[in-house]
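Fold and geometry: a report
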Amino acid sequence: MIDLWLAERRDGTPQAEEAIRGFVAGVVDGSITDAQRGAWLAFVMVNGMTAEETVFLTTAMTESGNCLSWDGLSGPFVDKHSTGGVGDKVSLILAPLWAFLGKKVPMLSGRGLGITGGTLDKLESIPGYRTDLELPQLRSALEEVGCFINGQTPDLAPADRILYATRNETQTVPSIPLITASILSKKLVEGIDRLVLDVKFGSGAFMQTRPDAEALANSLTQVGNAAGVQTSAVLTPMSEPLGRAVGNAVEVEESMATLQGNGPKDLVDLVVELSGEGNAARDALDSGSVFPVWQSMLRAHGGDPEAPLRGGPVKEIVVTAPHSGMIQQCDAGQIGRAVFVLGAGRRRAQDPVHFGVGLHLHAKVGDTVEEGQPLCRILHAEKGLDEARRLVEQAYRIG
Ligand code: URA
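Quick caveat, the model's predicted, so the values are computed rather than measured. (Residues numbered from 1 in each chain as written. Predicted model: local features only at pLDDT ≥ 70, side-chain atom pairs only at ≥ 80, totals over all residues. Heavy atoms only, no water.)

1. As for the sheet that holds strand 4 (residues 194-201)
Test applied: Note on pairing: two strands pair once DSSP finds at least 2 bridges between them. The secondary structure listing takes helices from DSSP runs of H or I that are at least 4 residues long and strands from runs of E that are at least 2 residues long, numbered from the N terminus. Only C-alpha atoms enter the line fits that serve as axes; for helices the fit covers just the stretch in contact. Angles between N-to-C directions range over 0 to 180 degrees.
Taken in spatial order, the three strands make up an open sheet running 1-4-5, and their pairing is parallel. Both edges of this open sheet fall to strand 1 (78-82) and strand 5 (230-237), since each of them pairs with a single strand only. Taking the axes of each pair of neighbouring strands and ignoring which way they run, one obtains an average angle of 20° across the sheet. Strand direction decides the pairing type here: strand 4 and strand 5, joined by eight bridges, are parallel.

Written out as structure tokens, the structure reads:
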């Protein structure tokens, strides 16, 4: 028997919405076999998909499970998605900032994988913080605080979970239509009106080059808007880490400093840009007025804003400048790998992370250093220390 829907994909014949919805439904109810699923994804990887087909796929994946609905609450409902980078703690700051500025932010985030840190891992370094709140608690957080940052629940976009696992096994992750549908389906279930995308490029990013990031940003904005959510994208470099802290607890500390008006410039500038609120956002951060919203968000998630962060105590060593000069490079990829080998990241989704290990960058690109001056402080628990030190030394180039 010929499965026309699979033959069409093989031949690169554009498919109707019904065929794509049928595929997604079959993935979720198990009527499509593993082999068919793998073949379908491989055909998309090789032949691509039209923008219209990508909208059909995104919508079908979004609707493959429940969607959150905020009936009775007044918006606007907004969120941000970053394609991930090293030291990227923007979500921790932007969610309470937007809430302070009158938006509602129903943010569902993920865990780190490989060298990219995960927002949930960072938040779980706060004692008591739960990332598995259920709908009534999420609704109260949105109503009372204006924001939450929670994990995905299994009933949201189940098609993405199945397809993403198969893509990992079949080398079909790097396909723009598949990435687009995967990212957007997980965001469109949030019941948002507006989505801002931070598409990163560089050695510490999912997309290594600017043209690749541009292609992804174009696809995401086109499909997001066609699927009914006002979607915009900002392209940002990830050749050096964002801010000065990289890890889990250390990034929460830097986020709290930023919410109290003491953030590093590159981080504050990016948060302000992504917020779309210009001076109002900058003034709110500078004044420290957003910090109480952060504390309320933590309490809504069961977290204790006053408690010391998890993961301590850790040991410290300092990497110093081998000679004087100006920092020309602080490579995000190498820094990300250093933090990963210390134990802050995970190789497989089920691995635990160490909350306390990480890096503090004392010097970044453009800074001048004298020989022997600290470049980077490594917070460690013995594991991976030698390799992390070597990676940090390689990450820096001093001219
Ligand atoms: N992140 C996702 O959520 N999905 C992809 O396909 C790639 C990156």
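2. Comments concerning the pattern of salt bridges
Note the cut-off: For this document, the term salt bridge refers to a Lys or Arg side-chain nitrogen within 4 Å of an Asp or Glu carboxyl oxygen. Burial classes: relative accessible area under 20% of the type maximum marks a residue as buried, over 50% as exposed, and values in between as partly exposed (1.4 Å probe, protein chains only).
Applying the stated rule across the entire model yields 24 salt bridges. Note that aspartate 367 and arginine 244 form a salt bridge whose closest N and O atoms lie 3.3 Å from each other. Remark: arginine 244 occurs in the loop between strand 5 and strand 6 (245-247) and aspartate 367 occurs in the loop between strand 9 (358-361) and strand 10 (368-369); sequence separation between them is 123 residues. In this structure aspartate 367 comes out as partly exposed when scored by relative accessible area, which is 24%.

3. Re the site of the ligand
The cut-off we apply is this: For this purpose, a residue is taken to be near a molecule or strand whenever a single non-hydrogen atom of the residue falls within 4 Å of it. Under the rule applied, a polar contact is a pair of N or O atoms within 3.5 Å (in protein, one hydrogen donor and one hydrogen acceptor; residues adjacent in sequence only if both atoms are side-chain atoms). In this description, accessible areas are obtained by the Shrake-Rupley approach with a 1.4 Å probe, and a residue is regarded as covered only by the protein chains that are shown. Note that Gly is not counted as nonpolar here; it falls among the polar residues with everything else outside the nonpolar set of Ala, Val, Leu, Ile, Met, Phe, Trp, Tyr, Cys and Pro and the charged set of Asp, Glu, Lys and Arg.
Around the ligand, the surrounding shell consists of Tyr164, Arg167, Ile179, Ser182, Ile183, Lys186 and Phe206. Within the side chain of arginine 167, a nitrogen or oxygen atom sits 2.8 Å from an oxygen atom of the ligand. Here an oxygen atom of the ligand sits 2.6 Å away from a polar atom, N or O, in the side chain of lysine 186. Calculation on the ligand without its partners gives an accessible area of 240 Å², and the protein chains cover 85% of this total. For the shell around the ligand, the secondary structure elements donating two or more residues are helix 8 (158-170) and helix 9 (176-188). With four residues, the top contributor of residues to the shell around the ligand is helix 9. Looking at the shell around the ligand residue by residue, the classes come out as four nonpolar, one polar and two charged.

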